[in-house]
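Breakdown of the fold
In case you want the letters, here they are:
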Amino acid sequence: MSVDPFDASLDLLRRLNPKRTGTNLNSIITIAPDLTEDLLATVDQPLEVARCKSGRDYLLCDYNRDGDSHRSPWTNEYDPPLMDGTVPSESVRKLEIAANEAFDVYRDLYYEGGVSSVYFWNLDDGFAGVILLKKAPKPSSAAKSSGTWDSIHVFEANDKQRAWHYKLTSTVILNMVSSGETLGELDLSGNMTRQAEKEFPKGEDSDHIANIGQMVEDLELKMRNLMQEVYFGKAKDVVADLRSVASLSATNKDRGIHQEMLSGLRQR
Amino acid sequence: MSPEALEIASNFILDAPPGELQDVRADIESLLGDDASLIEELTPAIEQYNKEQLVSVVLPGGSQRVIVSEYNELPDGRYFDVESQSSWAFDHVTQKASAVQTYTLESKHADIIKSAVRSLSTHLSEHYPALPSSGIYPSTDDSTIAVVIVGNKYSPSNFWNGRWRSFFQFDPSNGSLTGTIKVDVHYYEDGNVRLLTKKSVEAQLGSGASGAELVKAVAAEEKKYQEELNREFVKLAEGTFKGLRRQLPVTRQKIDWEKIGTYKLGQDIGGGRNNDGGKDNECGRQ
């Protein structure tokens, strides 16, 4: 077989119901245990929320996990506690604290609620990090529809000779469900991934936050608009391609009349 | 294959999006090896998938698409179609029909079925622009009539595929019509987005309803549902989606990142701090 099992796994997860990515991922790992670590590090899943001892909520992912513990961005401590859990260097932790404050503002301005967490780690020639945002409003009992949004922005900041080079990979998971007597059941869910790369002139260490912030803000806006287009434009168009509400002969007749009028106008 | 692996692989098959069964199969083969026994073991799942998804096929020597489903399966495992008066053998793995024979409808509801077949053909050409197929079949005990419709649109080069399915059961003895409509749309360019819907419908026809009246009732239920679905797209876009993330902050300007330290949470944007709501802040705009 020419296709690599890892690539086949990713292809499978791109095709099967995105609402069940977690279950399907576990299934693949069951039949192909060799792929476990690579898949867990590659496949994005909806973020879990935990509360740290400072009383603040933070988000859990593979990047702040060490063994079975997760590190809180607010306290820099692992829960359950670890004696020698991996933490960023002092200078990178300083940036991480500033980034958490900045993206808390970003979260408030764009999400008006939800939870954010930023995790940084050291690289040989720079550092890398992940910016996580989640909004999952509790559906009111009266609401017929509900939704959840998860953003996962992973970046690398590399120190080049003359500039700082940033590479950003962003995934948004957007799940929506709706139900009712006349509607029945509707599930419109999925995820999209996009990338961006940019160079900024070197400056103060604190400039990293502004550079990364701009890139995340630009790409997330692009993705929000793209998802609006795919979820409510494209999906609706495909349904209309499958079945037409109006009768096709009437539609074609209208089109014919329209064509005649156009050609009539042109002849004048 | 272990029973556990077989169950996992079978569930993958049953979850395949419209038009992507072969891709899912190829992925499973990459993971589990593509020996002949694998496909043999997966055949029951592939058969179930074909029948549930109303897979359609053009018969050798024919021109129209005919459906393969649980509703037109004969006791010997062959399938039949009323309009083309044919029955055929079907290889579920290759999705190929063969050994076509003449099929003669024997049912006490033969008249209504035959007239409904004609009306259904008009209904399909008026409302199903893409690869449609339909069938009307008497139930095994000849008590009810099944009406099934499928429309498929495949556009893998643009990374999307879709399928509309209607399943209806009509009981001529009391005029009751029940059904289920399902829509499945998959978009997968640098992502994986899926629309899955399911709606149960019920209608009551007069006693002695004709085939044309039966199809008219089916068409009316489909139309009512499709219009509701279109309204729901707008509601979700304007309500649920907008409540998750704003396009721009209330200030209608992107963030000035150089001054990020001077923003104060919840204070500069009118209204108070609001953690779970979403719309309250908009009221505070000046």
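No experiment lies behind these values; they were computed from the predicted model shown.

Observations regarding the overall build of chain B
- Scanning chain B from terminus to terminus reveals six helices and ten strands.
- The globule rule puts the C-alpha radius of gyration for 286 residues at 19 Å, and the 25 Å found for chain B is more than 25% above it.
- Projected onto its principal axes, the C-alpha coordinates of chain B cover approximately 80 × 55 × 30 Å.
- The proportion of buried residues among the 286 residues of chain B is 51%.
- The contacts in chain B between residues at least 6 apart in sequence include a share of 46% that link residues at least 24 apart.
- A total accessible area of about 13,100 Å² is found for chain B, and carbon and sulfur atoms account for 47% of it.
- Of the side chains in chain B, 30 bear a positive and 42 a negative charge, and the two mean positions are spaced by 10 Å.

Some remarks on the layout of surface pockets
- Its boundaries defined by the atoms lining it, the largest pocket holds a volume of some 800 Å³.
- Forming the walls of the largest pocket are 33 residues, and the residues nearest its centre are Thr42, Val43, Asp44, Thr171 and Thr193 of chain A.
- Of all the secondary structure elements, the ones that give two or more residues to the lining of the largest pocket are helix H1 (5-15), helix H2 (21-31), helix H3 (36-42), strand S8 (145-159), strand S9 (163-180) and strand S10 (184-201) of chain A together with strand S10 (191-204) of chain B.
- Among the elements that take part in the lining of the largest pocket, S9 of chain A stands out by supplying six residues, more than any other.
- Looking at the lining of the largest pocket residue by residue, the classes come out as 13 nonpolar, twelve polar and eight charged.

Notes on the environment of serine 117 of chain A
Residue and element names in this part refer to chain A.
- Along the polypeptide, serine 117 turns up in strand S6 (residues 115-123).
- Distance from serine 117 to serine 72, taken between C-alpha atoms, is 8.3 Å for residues 45 residues apart in sequence.
- Excluding its chain neighbours within four sequence positions, the residues that come into contact with serine 117 are Tyr58, Leu59, Pro73, Asn100, Val130, Ile131 and Leu132.
- A distance of 2.9 Å separates the side chain of serine 117 from the backbone nitrogen of leucine 59, its partner in a polar contact.

A few points about helix H4 (residues 90-111) of chain A
- Taking 1.5 Å per residue as the helical rise, H4 of chain A with its 22 residues ought to reach 32 Å, and the 30 Å between its terminal C-alpha atoms agrees with that figure.
- Most of H4 of chain A is tucked away, with 16 of its 22 residues classed as buried.

Some thoughts on the interface of chain A and chain B
- Contacts between the two partners involve 88 residues from chain A and, on the opposite side, 90 residues from chain B.
- Roughly 8,300 Å² is buried in total at the junction of chain A and chain B, and carbon and sulfur atoms are behind 61% of that figure.
- The interface formed by chain A and chain B contains eight salt bridges.
- The salt bridge involving aspartate 15 of chain B is made with arginine 20 of chain A; its shortest N-O contact spans 3.2 Å.
- In this assembly, chain A and chain B are joined by 37 residue pairs in polar contact (both at pLDDT 80 or more).
- Of all the elements in the fold, those that place two or more residues in the side of chain A that touches chain B are H1, H2, H4, S8, S9, S10, helix H5 (207-242) and helix H6 (248-267) of chain A.
- Its residues assigned to classes, the side of chain A that touches chain B comprises 41 nonpolar, 25 polar and 22 charged.

What about the domain arrangement of chain A?
Residue and element names in this part refer to chain A.
- Domains assigned within chain A are domain 1 (1-43) and domain 2 (45-242).
- Taken over C-alpha atoms, the centre of domain 1 sits 22 Å from the centre of domain 2.
- The interface is formed by seven residues belonging to domain 1 together with nine residues belonging to domain 2.
- Summed over both partners, the interface of domain 1 with domain 2 comes to about 600 Å²; 48% of that surface belongs to carbon and sulfur atoms.

Regarding the state of the cysteines
All names here are of chain A.
- Counted according to the given criterion, the structure contains zero disulfides over all chains.
- Here cysteine 52 stays unpaired: no disulfide links it, and the sulfur of cysteine 61, its closest cysteine neighbor, is 15 Å away.
- For cysteine 61, a relative accessible area of 14% translates into the label buried.

Reading guide: rules and limits
- Residues numbered from 1 in each chain as written.
- Chains lettered and ligands numbered in written order.
- Predicted model: local features only at pLDDT ≥ 70, side-chain atom pairs only at ≥ 80, totals over all residues.
- Heavy atoms only, no water.
- Helix = DSSP H or I, 4+ residues; strand = E, 2+ residues; numbered from the N terminus.
- Rg over C-alpha atoms; globule rule 2.2 N^0.38 Å.
- Buried < 20%, exposed > 50% of the residue type's maximum accessible area, 1.4 Å probe, protein only.
- Contact = heavy atoms within 4.5 Å.
- Areas by Shrake-Rupley, 256 points an atom, 1.4 Å probe, with all protein chains shown as cover.
- Lys, Arg positive; Asp, Glu negative; His and termini not counted.
- Charge placed at Lys NZ, Arg CZ, Asp CG, Glu CD.
- 1 Å grid on protein atoms, 1.4 Å probe; cavity = no way out; pocket = protein on both sides within 12 Å on 5 of 7 lines; lining within 4 Å.
- Points joined across faces, edges and corners; volume = space filled by probe spheres on them.
- Nonpolar A, V, L, I, M, F, W, Y, C, P; charged D, E, K, R; others polar.
- Polar contact = N/O pair within 3.5 Å; in protein donor to acceptor, adjacent residues only side chain to side chain.
- Expected span 1.5 Å × (residues − 1).
- Buried area = accessible area lost by both parts, 1.4 Å probe.
- Salt bridge = Lys/Arg side-chain N within 4 Å of Asp/Glu carboxyl O.
- Domains from an automatic or database assignment.
- Disulfide = S-S within 2.5 Å.

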